[in-house]
Amino acid sequence: MTITNDIKYIGVNDHDVDLFEGQYVVPNGMSYNSYAIVDDKVAIMDTVDQHFTHQWLDNIQNVLGQRKPDYLVVQHMEPDHSANIANFLKVYPEAVVVSSAKAFVMMEHFFGNDYADRRIVVGEGDTLCLGKHTLTFVTAPMVHWPEVIVTYDSCDKVLFSADGFGKFGALDVQEDWACEARRYYIGIVGKYGPQVQALLKKAANLDIAAICPLHGPVLTENLGYYLNLYDIWSSYRVESEGIVIAYTSVYGHTKAAVELLAQKLKAKGCPEVVVHDLARCDMAEAVEDAFRYGKLVLATTTYNADIFPFMKEFIHHLTERNFQNRTVALMENGSWAPLAAKTMRKMLEDNKNLTFTDTTVKLVSAMNDESKAQIEALAQELCKDYLAQHDDTANKNDLTALFNIGYGLYVVTSNDGQKDNGLIVNTVSQVTNTPNRVAVTINKQNYSHHVIKQTGVMNVCCLDTSAPFSVFQNFGFQSGRTADKFAGIEELRSDNGLRFLPRYINSFMSLKVESYVDLGTHGMFICAVTEARVISSRETMTYTYYQNNVKPKPQTEGKKGFVCKVCGWVYEGDTLPDDIVCPLCKHGAADFEPIS
């Protein structure tokens, strides 16, 4: 396989493996990827699994012909990528090994040799020139081993990403990338979200045309799609709307209750209901779905004054991977002393930002009228936001939505006749209640001000505390005149035809402009409420909460210069240019302050 004119694929496919790392089912096998960069000097990027030594060495010879490699770059020391270091060096005794300091310590452990006489130790920002290709090394500790480095080729704009952006499956099998990449990421890398986030921030500064991982296909098109998924996964955000039910059942009674709950969830508008029998399903797929969707129901029996073993194993998988930012519901069964709900909640108590439902379903051996009523109440609670999002089930005159107005942060949506738009505002207030009037103040420089002045309608979406920083980046750090701010967002519309957000809001109001007050730099729209829906009971995002918990802390350590007070971007230099514009949030010099 040719990646570019100078970069060739020399990896192998493994269709003999049935369990990757001894636990992950891989029906379509695995690929162990390796690459050759052919320039004035030749660099081989990583080796392959021990079972494919000769095939891999043949691949090198077929690509290089009579030439010999000058360097072996070792990015990751897991044996499926490093097993052939010693074999390679026997065949090519003049080659030099390039890797991190920690990797050479591991080589001593694996092979009894740290190759002190033929090595180059590299760290953050170090380079290796091959001719026209210059490799820059980026440290990626704990993604997902401590010695990992990734490598950027500035000539062909290729990122060699180690285990990042990898997936299960051999390269000669066609299958959906996201499904197997998600299962791979959650299972193997999921614990290390902060470390992956740190690596993504480094990658954001690179011009990348292709990503070459150590497992799975080379990625060359629509890279934003893959980068966005990695951002979602590594920040533990909800990827898809839906509810997962994970259960165990001994005699079928818990299963019957789960089936009834699933029916009710579907009937109440849940877009996806995924049910896993933990005793029979692929545990890795159940874990993957728990991280993919926003709500999780755990249903199990009390067993030896504890919980059923498969449920205990499942929850352990969640907790060791930092399961967070989800809604969790509990369903327990017990014939004389039900303890399962208490035990499950205890197991999850150290996980961050988990919201437990008010309703817990309690079965005493089998369903009865009381437990059926609890199942109905739980379905209603879990589907409250779905019911409010859909026209035929929404209460469109729920004026308690006005109670969510405060000194908060909001997404105001509009439409210019051709495209939907939205922006972040923090100046929304209720000014009268008979009749209900709401004031929204918007900077005149914002495109939304221009649109709303012409159309006279808007929606105000009240952000709740689950909203991640990406919402503020999307709606606040770019102009709706040039950017499609709703790209990739599920389309939901109110009666006035405008969009409202499908998640991260606790309510929204549709407003019709009644009058306008010119405030110089800003304009105040005095509006009547034409529709109001409450989506959830989550707390409204206040400006203080955003500053303390959502906005990233500026990475100023060891830097000299100025930091943007809005988004935290750092300009390094002795003097701040008067005409500077922050590349992230587009704010000018007035919103920068010196790094102290």
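One can find the structure itself at the top, above this paragraph.
Reading the values: the criteria
Residues numbered from 1 in each chain as written. Predicted model: local features only at pLDDT ≥ 70, side-chain atom pairs only at ≥ 80, totals over all residues. Heavy atoms only, no water. Helix = DSSP H or I, 4+ residues; strand = E, 2+ residues; numbered from the N terminus. Rg over C-alpha atoms; globule rule 2.2 N^0.38 Å. Buried < 20%, exposed > 50% of the residue type's maximum accessible area, 1.4 Å probe, protein only. 1 Å grid on protein atoms, 1.4 Å probe; cavity = no way out; pocket = protein on both sides within 12 Å on 5 of 7 lines; lining within 4 Å. Points joined across faces, edges and corners; volume = space filled by probe spheres on them. Nonpolar A, V, L, I, M, F, W, Y, C, P; charged D, E, K, R; others polar. Pairing = 2+ DSSP bridges. Phe/Tyr/Trp six-rings, centres within 6.5 Å; stacked < 30°, edge-to-face > 60°. Disulfide = S-S within 2.5 Å. Axes fitted to C-alpha atoms, helices over the stretch in contact; angles between N-to-C directions. Salt bridge = Lys/Arg side-chain N within 4 Å of Asp/Glu carboxyl O.

Structural notes on the overall build of the chain
Then step 1. Along the backbone of the chain there are 16 helices and 32 strands.
Then step 2. Against the globule reference of 25 Å for 596 residues, the chain gives a C-alpha radius of gyration of 28 Å, in line with a compact fold.
Then step 3. The dimensions of the chain, computed from C-alpha atoms along their principal axes, are 85 × 75 × 40 Å.
Then step 4. Buried positions account for 53% of the 596 residues belonging to the chain.

Comments concerning empty space enclosed by the protein
Unoccupied space between atoms shows up once a probe the size of one water molecule is rolled over them.
Then step 1. All told, the structure shown has two cavities of 30 Å³ or more when counted by the stated rule.
Then step 2. In this model, the largest cavity occupies a volume close to 130 Å³.
Then step 3. Around the largest cavity, the lining comprises 15 residues; the ones closest to its centre are Leu159, Phe165, Leu199, Leu200 and Ala203.
Then step 4. Contributing elements (two or more residues each) for the lining of the largest cavity: helix 6 (193-203) and helix 7 (223-234).
Then step 5. Per-element accounting of the lining of the largest cavity gives the leading share, five residues, to helix 6.
Then step 6. Taken together, the residues that form the lining of the largest cavity break down as twelve nonpolar, two polar and one charged.
Then step 7. Surrounding the second largest cavity, Ile186, Ile232, Trp233, Tyr236, Arg237, Phe291, Arg292 and Arg326 form its lining.
Then step 8. Mapped by element, the contributors of at least two residues to the lining of the second largest cavity are helix 7 and helix 9 (283-292).
Then step 9. For the lining of the second largest cavity, a count of residues per class yields five nonpolar, no polar and three charged.

Things to note about the pairing of strand 24 (residues 420-425)
Look at any regular strand and the pattern is simple: side chains alternate between the two faces of the sheet.
Then step 1. Buried residues dominate strand 24, accounting for five of its six residues.
Then step 2. As paired strands, strand 23 (residues 410-415) and strand 24 are joined by six bridges and run antiparallel to one another. Within strand 24, the position partnered with Tyr410 by the bridge is Val425.
Then step 3. What sits between the antiparallel neighbours strand 23 and strand 24 is a turn of four residues, in which Gly417 has the positive phi angle 100 degrees.

A short note on the packing of aromatic side chains
Then step 1. Counted under the stated rule, the structure contains 28 aromatic pairs.
Then step 2. Aromatic side chains Trp569 and Tyr571 sit 6.5 Å apart centroid to centroid with 50 degrees between the ring planes, which places their arrangement in the tilted category.
Then step 3. Take Trp569: its relative accessible area is 27%, and that puts it in the partly exposed class.
Then step 4. On the accessibility criterion, Tyr571 (23% relative accessible area) is partly exposed.
Then step 5. Between the aromatic rings of Trp569 and Phe592, the centroid separation amounts to 6.2 Å while the plane-to-plane angle is 85 degrees, which identifies the pairing as edge-to-face. Separated by 23 residues along the polypeptide, Trp569 in the loop between strand 30 (561-564) and strand 31 (570-572) and Phe592 in strand 32 (residues 592-594) bring together distant segments of the chain.
Then step 6. Taking relative accessible area as the criterion, Phe592 reaches 8% and is therefore assigned buried.

Let's talk about the state of the cysteines
Then step 1. Applying the stated criterion across every chain yields a total of zero disulfides.
Then step 2. Free of any disulfide, Cys383 has its nearest cysteine sulfur in Cys270, 5.3 Å distant.
Then step 3. Classification of Cys383 by relative accessible area gives buried; the value is 0%.

Regarding the sheet that holds strand 11 (residues 127-129)
Where strands meet in a sheet, backbone hydrogen bonds hold them as pairs that are either parallel or antiparallel.
Then step 1. Spatially, the five strands line up as an open sheet ordered 11-12-13-14-15, and their pairing is mixed. Each having just a single partner strand, strand 11 and strand 15 (210-212) make up the two edges of the open sheet. The mean angle between the axes of side-by-side strands here comes to 20 degrees, regardless of whether they run parallel or antiparallel.
Then step 2. Sheet topology places strand 13 (residues 149-153) next to strand 14 (residues 158-160); three bridges connect them, and they run antiparallel. Pairing of Tyr152 across the sheet is with Leu159, part of strand 14.

Section: the layout of surface pockets
Then step 1. What the second largest pocket holds in volume is close to 1,000 Å³.
Then step 2. Contributing to the lining of the second largest pocket are 33 residues, with Ile424, Asn443, Asn446, Gly476 and His587 lying nearest its centre.
Then step 3. Of all elements in the fold, only strand 24, strand 26 (436-443), helix 14 (447-455), helix 15 (469-476) and helix 16 (543-550) reach the threshold of two or more residues within the lining of the second largest pocket.
Then step 4. Ranked by residues supplied to the lining of the second largest pocket, first place goes to strand 24 with five residues.
Then step 5. When the residues that make up the lining of the second largest pocket are grouped by side-chain class, the tally is 13 nonpolar, 16 polar and four charged.

Overview of the pattern of salt bridges
Then step 1. Counted according to the given criterion, the structure contains 28 salt bridges.
Then step 2. Where Glu239 meets Arg182, a salt bridge forms, and the shortest distance between an N and an O atom there is 2.8 Å. Taken together, the positions of Glu239 in the loop between helix 7 and strand 16 (240-247) and Arg182 in helix 5 (residues 177-189) put the pair 57 residues apart, joining distant regions of the chain. For the residue pair Glu239 and Arg182, the accessibility class agrees, reading buried in each case.
Then step 3. Between Glu491 and Arg493 there is a salt bridge, with the nearest N and O atoms lying 2.8 Å from each other.
Then step 4. Arg493 gets classed as partly exposed once you look at its relative accessible area, which sits at 28%.
Then step 5. Through salt bridges with shared partners, a single network forms among Asp391, Lys396, Asp495, Glu531 and Arg533.

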